[in-house]
Amino acid sequence: MSDTSIPHARASLRVDPDGWTAAIILAFLATAGLFYVNIMAAIVDGLVAGLGLSEGQAGQIGSINIYGAAAGALLATATVRRMPWRVTCISCLVALIAIDLGSIAIDSFSVLFAARAVHGFIGGLLTGTAFALIARTAKSDRTFGMLLFVQFGLGGLGVMLLPPLAPLYGTSALFLSLAAFSLATLLMLPFLSAHPATARDPESAEESPRMQWRPLIMTLLAIFVFQAANMGLLAYIIRLGIGYGLEREYVSMALGLATWVALLGPALVMICGLKFGRFWLLFASMILTLFGTAVFHWSASPAAYMIANCGTGITWGFVVAYLLGMTAEFDKAGRASAFGGFISKMGLASGPLIAGWILGAGLGLSTLINTALAGLALSMVIMLFPARHLDSHRDRILAQ
């Protein structure tokens with residue numbers, strides 16, 4: 001076999017950059033750097049039950065992990081067009097595996113705080129790079145839907161299986177699961193194609209030659225508020241269930257099943273695409289989000305707790321996929337989507353921090369739920385303006 005045949009053999013293994021297999025690999029790649037967010041409730045509970053940290057300390061570690069990711073995602077906006085993305089991804093995945101395995105042996109709050117900050121930074125760089133690659137696909141909304149589908153599916157498995165293990169094995173099970181996910185993603189990476197900046201899928205008819213700053217900024221603000229409101233509640237959702245008198249086993253089971261039911265949200269994004277525009281879909285889903293979040297006030301009822309988790313899980317995946325897809329409409333090279341990843345992580349990090357302050361001040365679970373409701377209502381008002389703008393632009397193009 002000649003030397004030149006080796007690169008051709010490797011190229012033949014790579015999948016269609018706009019196909020479903022590529023969407024799955026990209027979803028794993030974007031999830032690997034931030035998978036702890038999808039099992040955040042299990043991590044916070046595990047740090048309290050397994051490591052003996054206070055709820056405030058556990059929330060701070062969760063937040064610094066995501067704040068670090070936000071900084072890494074911000075760096076990705078500058079590196080995505082200057083550094084080979086494959087080298088960046090391989091380096092990040094190897095580093096994440098090493099830090100997760102090393103975190104098992106840490107029992108000091110201050111040391112773990114620093115280690116998870118570094119982990120977050122590297123994971124954010126990886127996720128920001130992956131977001132830029134997703135923005136370069138022909139149908140970024142569909143790929144972001146696949147991303148949420150993977151996150152919710154595996155996250156549901158995590159929140160179902162990991163909480164019962166924390167009192168027995170401490171944080172080992174938590175960090176081993178993160179390392180295993182990164183390893184699986186690393187093994188998929190050779191099959192991913194080049195993903196250069198490409199022309200937009202003609203079916204979307206939404207390509208714009210100039211960056212539209214006002215709708216982009218509004219989209220980013222909506223992402224921040226939406227993610228902060230949801231994650232502030234989700235980070236303490238296990239503590240919330242227990243606080244309302246539910247058994248730990250039921251809470252874990254309910255969260256796992258609810259997360260799998262929530263797969264319907266990103267699945268609907270992949271089915272609907274842009275057939276119906278964005279405005280009315282976002283409007284309807286946010287009304288359901290507000291209703292589902294309000295139901296958490298009746299979490300003393302096992303059925304209400306389950307319904308609230310299922311409903312908000314479905315709409316969370318649905319709304320986020322469309323919001324992230326909207327950022328891709330403003331810059332097909334992927335910088336806007338990478339920055340959207342930064343803003344998303346800032347929101348995800350701020351939510352648990354604010355929630356920790358609320359609970360630490362003794363304001364109670366009802367105040368936490370009401371704060372989440374206020375944030376979700378605000379994000380709804382903000383996101384509908386850029387959604388209407390993109391729908392109008394698309395309608396004008398299709399009418400020509």
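Treat the numbers as computed from the prediction; the structure is a model and nothing was measured.

### Brief notes about the overall build of the protein chain
A tally of regular secondary structure across the protein chain gives 18 helices and 0 strands. Here the protein chain holds 400 residues, and 60% of them are scored as buried. Element-wise, carbon and sulfur atoms account for 71% of the exposed surface of the protein chain, whose accessible area totals about 15500 Å².

### Things to note about the nonpolar core
In terms of nonpolar packing, the biggest core is built from 126 residues, with Leu-29, Tyr-36, Leu-192, Tyr-305 and Met-383 touching the most fellow members. Here this core takes 14 residues from helix H16 (residues 302-328), the largest share from any one element.

### Remarks on the pattern of salt bridges
All told, the structure shown has 1 salt bridge when counted by the stated rule. Close ionic contact of Arg-116 with Asp-100 constitutes a salt bridge, the shortest N to O distance being 3.0 Å. Placement of Arg-116 in helix H7 (residues 109-135) and of Asp-100 in helix H6 (residues 85-103) is noted, with a sequence separation of 16 residues between them. Owing to a relative accessible area of 2%, Arg-116 belongs among the buried residues under this scheme.

### Section: the packing of aromatic side chains
Applying the stated criterion across every chain yields a total of 7 aromatic pairs. Relative to Trp-280, the ring of Phe-279 lies with its centre 5.0 Å away and its plane at 90°, an arrangement referred to as edge-to-face. Owing to a relative accessible area of 54%, Trp-280 belongs among the exposed residues under this scheme. Look at Trp-280 and Phe-283: their rings are 5.8 Å apart centre to centre, the planes differ by 80°, and that puts the pair in the edge-to-face class. Placement of both Trp-280 and Phe-283 in helix H15 (residues 279-294) is noted, with a separation of 3 residues, approximately one turn of the helix.

### Observations regarding the confidence of the model for the protein chain
Counting all residues, the mean pLDDT for the protein chain is 81, and 87% of those residues have values of 70 or more. Contacts from residues 1-9, a stretch scored under 50 in pLDDT, to residues over four places away or in other chains number 1 contact. Low pLDDT, under 50, characterises residues 197-209; the stretch is placed with 26 contacts to residues that sit more than four places away or in other chains.

Here is what the cut-offs are and how they apply
Residues numbered from 1 in each chain as written. Predicted model: local features only at pLDDT ≥ 70, side-chain atom pairs only at ≥ 80, totals over all residues. Heavy atoms only, no water. Helix = DSSP H or I, 4+ residues; strand = E, 2+ residues; numbered from the N terminus. Buried < 20%, exposed > 50% of the residue type's maximum accessible area, 1.4 Å probe, protein only. Areas by Shrake-Rupley, 256 points an atom, 1.4 Å probe, with all protein chains shown as cover. Core = buried A, V, L, I, M, F, W, Y, C linked by side-chain atoms within 4.5 Å. Salt bridge = Lys/Arg side-chain N within 4 Å of Asp/Glu carboxyl O. Phe/Tyr/Trp six-rings, centres within 6.5 Å; stacked < 30°, edge-to-face > 60°. pLDDT = per-residue confidence, 0-100. Contact = heavy atoms within 4.5 Å.

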